[in-house]
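Close look at the chain arrangement
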Amino acid sequence: MNRLEMYVKDLKTGICDVKGEPVVEKETVATAMVDGGNLLGPAVGKFCMNLAIKKASEAGVGWVCARRSNHYSIAGYYGLMAAEKSMIGMSMCNTSPLVVGSRAQQCTLGTNPIAFVAPTNSSDNFALDMATSTVAVGKIELQKRKGENIPNGWGADPQGRETNDPTKVLNGGGLLPLGGSEIGGGYKGYGLAMMVEVMCGVLAGAHYGKNIRRWGTTERIADLGQCFIAVDPKAFFPGFEERLQDFIDSQRNLEPSDPNHPVLVAGDPERIHMKKCDDMGGIPYPKNVVEYMNGVANKLGVSSMTTINPKV
């Protein structure tokens, strides 16, 4: 929901197109190159992943890249689309430069998310959805509003040096790659962020690196690149779903270092939160977020969100 206003702004300013459909520019039995038509990212993403799933059902693997796209919301959503068809799903997207690479001073990389979802023989799955930066910029902004320092590894000052001051990060500095400083392993997050740029921006003929427009601006189209991959496990060794379930459970059943915090795998925190929302009968949001979004709704002439008293 935090990105809703950005989508509305893109549509109202006309920098994002509202009409048309993504177009397949070239394809093989297992691959496709798509022109997103500068449409909303989720529209492009669903088109591309559905195409990747179709190709994987025929060839075992479907690989689709898109150019001229926009922010596509939750990376893991597209992986879950494949998992619902009993396939492994991956998605990646490059984003506005907010991250300072190892040994650099300038922001030339985005938070560049990677998602990987693999299904088991039940409703369970392994669902990884991660940024290639240590944290999102919103966490830096929150620390600044609270008047608190940020932990090591989150951000850099305008000279590219690691800092605990959120103001320096937001005023000319940038986020650090996953792992933080170079000595802490940040070069690995830096490498992953560059990998996403190669798979999305470079391979798809979209903008990449510092060529992407600044976050939150609408002076020119975003032209983001995206990559969607679907893999049919049946094209490989039989029994994938059963072995994956055994592997996942073997991790969950490990003796925890803290008895109050059991071992989890990727996707478990989200499943726990979803169950909490189901039990409460709604999704909890901070009061200021609800009030702000209701203000957006009022400007658009649509109904405000309905608040309820939680069931538990």
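That block above? That's the structure.
Here goes a summary of the coordinates provided. (Residues numbered from 1 in each chain as written. Predicted model: local features only at pLDDT ≥ 70, side-chain atom pairs only at ≥ 80, totals over all residues. Heavy atoms only, no water.)

**What about the pairing of strand β4 (residues 88-93)?**
Put simply, the rule reads: Only protein chains enter the accessibility calculation, which uses a 1.4 Å probe; a residue is then buried when its area is under 20% of its type maximum, exposed when over 50%, and partly exposed in between. In DSSP terms, a helix is any run of H or I states spanning at least four residues, a strand is any run of E spanning at least two, and both are numbered starting from the N terminus. Only when DSSP finds a minimum of two bridges between them are two strands counted as paired.
A large share of β4 lies buried, amounting to 5 of its 6 residues. As paired elements, β4 and strand β12 (residues 224-231) share 6 bridges and run antiparallel to each other. The partner of I88 across the bridge, within β12, is V231.

**Focus on the pairing of strand β3 (residues 61-69)**
For clarity, the threshold we go by: Look down the strands so they point away from you; if the path from the first strand over the helix to the second goes clockwise, the crossover is right-handed.
Across 5 bridges, the pairing between strand β2 (residues 31-35) and β3 is parallel. Across the sheet, residue T31 finds its bridge partner in β3, namely W63. Between the parallel elements β2 and β3, the chain passes through helix α2 (residues 41-59) in a crossover that is right-handed. Taken together, the 7 bridges between β3 and β12 define a ladder with antiparallel strand orientation.

**Focus on a nonpolar patch on the surface**
Selection criterion: Patch definition: residues above 30% relative accessible area lacking any salt bridge, with like charges linked at up to 9 Å and the nonpolar side chains Val, Leu, Ile, Met, Phe, Trp and Tyr linked at up to 5 Å. Reported accessibility uses the Shrake-Rupley method at a 1.4 Å probe radius. Residues are deemed covered only where the shown protein chains occlude them. A pair is scored as a salt bridge if a Lys or Arg side-chain nitrogen falls within 4 Å of a carboxyl oxygen belonging to Asp or Glu.
Together, M1, L4, I283, Y285 and M305 line one region of the surface with nonpolar side chains, adding up to about 430 Å² of accessible area. Here M305 is to be found in the segment after α9 (287-300). Owing to a relative accessible area of 34%, M305 belongs among the partly exposed residues under this scheme.

**What about helix α1 (residues 4-13)?**
Just so we agree on the cut-off: The contact definition used throughout considers only heavy atoms, calling two residues in contact when any of these lie within 4.5 Å.
Among all positions of α1, only M6, Y7, V8 and D10 are buried. Each element contacted by the buried residues of α1 is listed here: α9. Once α1 finishes, G14 follows within two positions and takes phi at roughly 80°, a positive value.

**Describing the nonpolar core**
The cut-off we apply is this: What we call a nonpolar core is a set of buried Ala, Val, Leu, Ile, Met, Phe, Trp, Tyr and Cys residues that are connected through their side-chain atoms within 4.5 Å.
In this structure, C48, M49, I53, V64 and A230 are the most contacted members of the largest nonpolar core, which totals 25 residues. Counting residues per element, the ones that place at least two in this core are β2, α2, β3, α3 (75-83) and β12. The element that contributes the greatest number of residues to this core is α2, accounting for 7 residues. The residues contacting I53, other than those within four sequence positions of it, are M81, A82, K85, M87 and A230. Among the nonpolar cores identified, the runner-up in size contains 17 residues, and I88, I114, C200 and I248 belong to it.

**A closer look at the packing of α1 against α9**
For clarity, the threshold we go by: A fitted line through C-alpha atoms represents every axis, and for helices the fit uses only the stretch in contact; the resulting angles, taken between N-to-C directions, go from 0 to 180 degrees. Throughout this description, any angle smaller than 35 degrees is read as roughly parallel, any larger than 145 degrees as roughly antiparallel, any in the 65 to 115 degree range as roughly perpendicular, and the remainder as oblique. Handedness of a crossing is defined here by the sense of rotation of the near helix relative to the far one, left-handed for an anticlockwise turn of less than a right angle and right-handed for a clockwise turn. Residue classes follow a fixed rule: Ala, Val, Leu, Ile, Met, Phe, Trp, Tyr, Cys and Pro count as nonpolar, while Asp, Glu, Lys and Arg count as charged, and any other residue, Gly among them, counts as polar.
Viewed as axis vectors pointing N to C, α1 and α9 meet at an angle of 25°, and their least axial separation amounts to 11 Å. As judged from the angle between their axes, α1 and α9 are roughly parallel. Crossing angle aside, the handedness with which α1 passes α9 is left-handed. On α9, the residues that touch L4, E5, V8 and K12 of α1 are Y292, M293, V296 and L300. Here the residues of the contact of α1 with α9 are counted per class, giving 6 nonpolar, no polar and 2 charged.

**Notes on the environment of L109**
With respect to the secondary-structure elements, L109 resides in strand β6 (residues 107-109). The exposure class assigned to L109 is buried, which follows from its relative accessible area of 6%. L109 sits 57 residues away from P166 along the chain, and the two C-alpha atoms are 19 Å apart. When near neighbours in sequence (up to four residues on either side) are disregarded, L109 contacts S96, P97, L98, V99, Y190, A193, M194 and E197.

**As for the environment of G180**
With respect to the secondary-structure elements, G180 resides in the loop between β11 (174-175) and α6 (186-204). Its relative accessible area of 2% is what places G180 among the buried residues. Not counting chain neighbours up to four residues away, the residues in contact with G180 comprise T134, G153 and G186.

Just distances and angles here, no functional claims.
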